[in-house]
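# Survey of secondary and tertiary structure
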Amino acid sequence: MAHRQRKSADSDPARGGADRTCAACGRRIEWRTKLAGSWDSVRYCSAACRGHGVNATDLRLEETIALLLSARAQDATICPSDAARAIGGAEWRDLMEPARRAARRMVARGELQITQRGTVVDPSTAKGPIRLRRPR
């Protein structure tokens with residue numbers, strides 16, 4: 001029995017070719033057929049992100065990332081832990097994932113690039129150590 005080939009998401013008229021990013025974590029939201037009727041109202045990738053949203057700490061992390069980068073040379077990079085340390089003090093490790101989420105949201109807005117070993121990577125799939133830099 002032959003299987004139907006899946007159409008690419010880019011060719012789906014319901015999707016309209018527009019990429020979505022989660023408002024809370026900044027990861028890419030993949031178009032799915034079950035979301036076709038409500039695609040225009042989709043803002044979050046999961047129930048966990050919907051419940052978490054963006055709080056004051058998340059906004060402070062975004063501001064801190066921008067401030068740290070503006071204080072450095074144009075081609076300099078920072079680690080998300082720099083922003084977490086600036087805000088969290090001794091409890092900075094608890095802010096590492098929120099700092100990465102803040103960086104992904106900034107990438108989605110075009111304010112930042114995430115790199116690994118000097119190469120720009122997709123923030124939705126990046127695993128391991130990352131660096132943050134201004135767009136080039």
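Nothing here was measured: the structure is a model prediction, and the numbers come from that model.

Rules of the game
Residues numbered from 1 in each chain as written. Predicted model: local features only at pLDDT ≥ 70, side-chain atom pairs only at ≥ 80, totals over all residues. Heavy atoms only, no water. Axes fitted to C-alpha atoms, helices over the stretch in contact; angles between N-to-C directions. Helix = DSSP H or I, 4+ residues; strand = E, 2+ residues; numbered from the N terminus. Parallel < 35°, antiparallel > 145°, perpendicular 65-115°, else oblique. Left-handed = near helix turned anticlockwise from the far one by under 90°. Contact = heavy atoms within 4.5 Å. Buried < 20%, exposed > 50% of the residue type's maximum accessible area, 1.4 Å probe, protein only. Pairing = 2+ DSSP bridges. Phe/Tyr/Trp six-rings, centres within 6.5 Å; stacked < 30°, edge-to-face > 60°. Lys NZ or Arg CZ within 6 Å of the ring centre and 35° of its normal. Expected span 1.5 Å × (residues − 1). Arc of directions from axis to C-beta. Polar contact = N/O pair within 3.5 Å; in protein donor to acceptor, adjacent residues only side chain to side chain.

## Some words on the packing of helix H2 (residues 56–70) against helix H4 (residues 96–108)
Two elements in contact, H2 and H4, have axes separated by 9 Å at closest approach and are oriented at 70°. The orientation of H2 with respect to H4, classified from their angle, is roughly perpendicular. When the axes of H2 and H4 are compared, the crossing they make is right-handed. Listed contacts from H4 to Asp58, Leu61, Glu62, Ile65 and Ala66 of H2 are Pro98, Ala99, Arg101, Ala102, Ala103, Arg105 and Met106.

## As for the side chain of Thr115
Inspection of the secondary structure assignment puts Thr115 in strand E4 (residues 113–116). Of the residues examined, Thr115 reaches a relative accessible area of 3% and is grouped as buried. Not counting residues up to four positions away in its chain, the partners in contact with Thr115 are Val120, Val121, Pro129, Ile130, Arg131 and Arg133.

## Describing unusual backbone geometry
The backbone of Arg117 shows a phi angle near 55°, a positive value even though the residue is not glycine. Within the fold, Arg117 resides in the loop between E4 and strand E5 (119–120).

## Comments concerning the sheet that holds strand E6 (residues 131–133)
Taken in spatial order, the four strands of this open sheet run E3-E6-E4-E5, and their pairing is antiparallel. Either end of the sheet is taken by a strand with one partner, and the two such strands are strand E3 (77–78) and E5. Pairing analysis gives two bridges linking E3 to E6, with the strands arranged antiparallel. Counted as the bridge partner of Thr77 is Arg133 from E6.

## Describing the packing of aromatic side chains
Applying the stated rule across the entire model yields zero aromatic pairs. Of note, Arg85 hangs over the ring of Trp92, and the distance from its end group to the ring centre comes to 4.0 Å.

## Thoughts on H2
Helix length check: H2, at 15 residues, gives a terminal C-alpha distance of 21 Å against a target of 21 Å (1.5 Å per residue), a fit within 8%. Within the span of H2, buried status applies to Asp58, Leu61, Glu62, Thr64, Ile65 and Leu69. When H2 is viewed along its axis, its buried side chains cluster within an angular range of 165° and face the same direction. For H2, exposure combined with an orientation more than 90 degrees from the buried face picks out Ala56, Glu63, Leu67 and Ser70. The elements touched by buried residues of H2 are helix H1 (47–52), E3, helix H3 (80–88), H4 and E6. Its side-chain oxygen at 3.1 Å from the backbone nitrogen of Thr57, Asn55 defines the N-terminal cap of H2.

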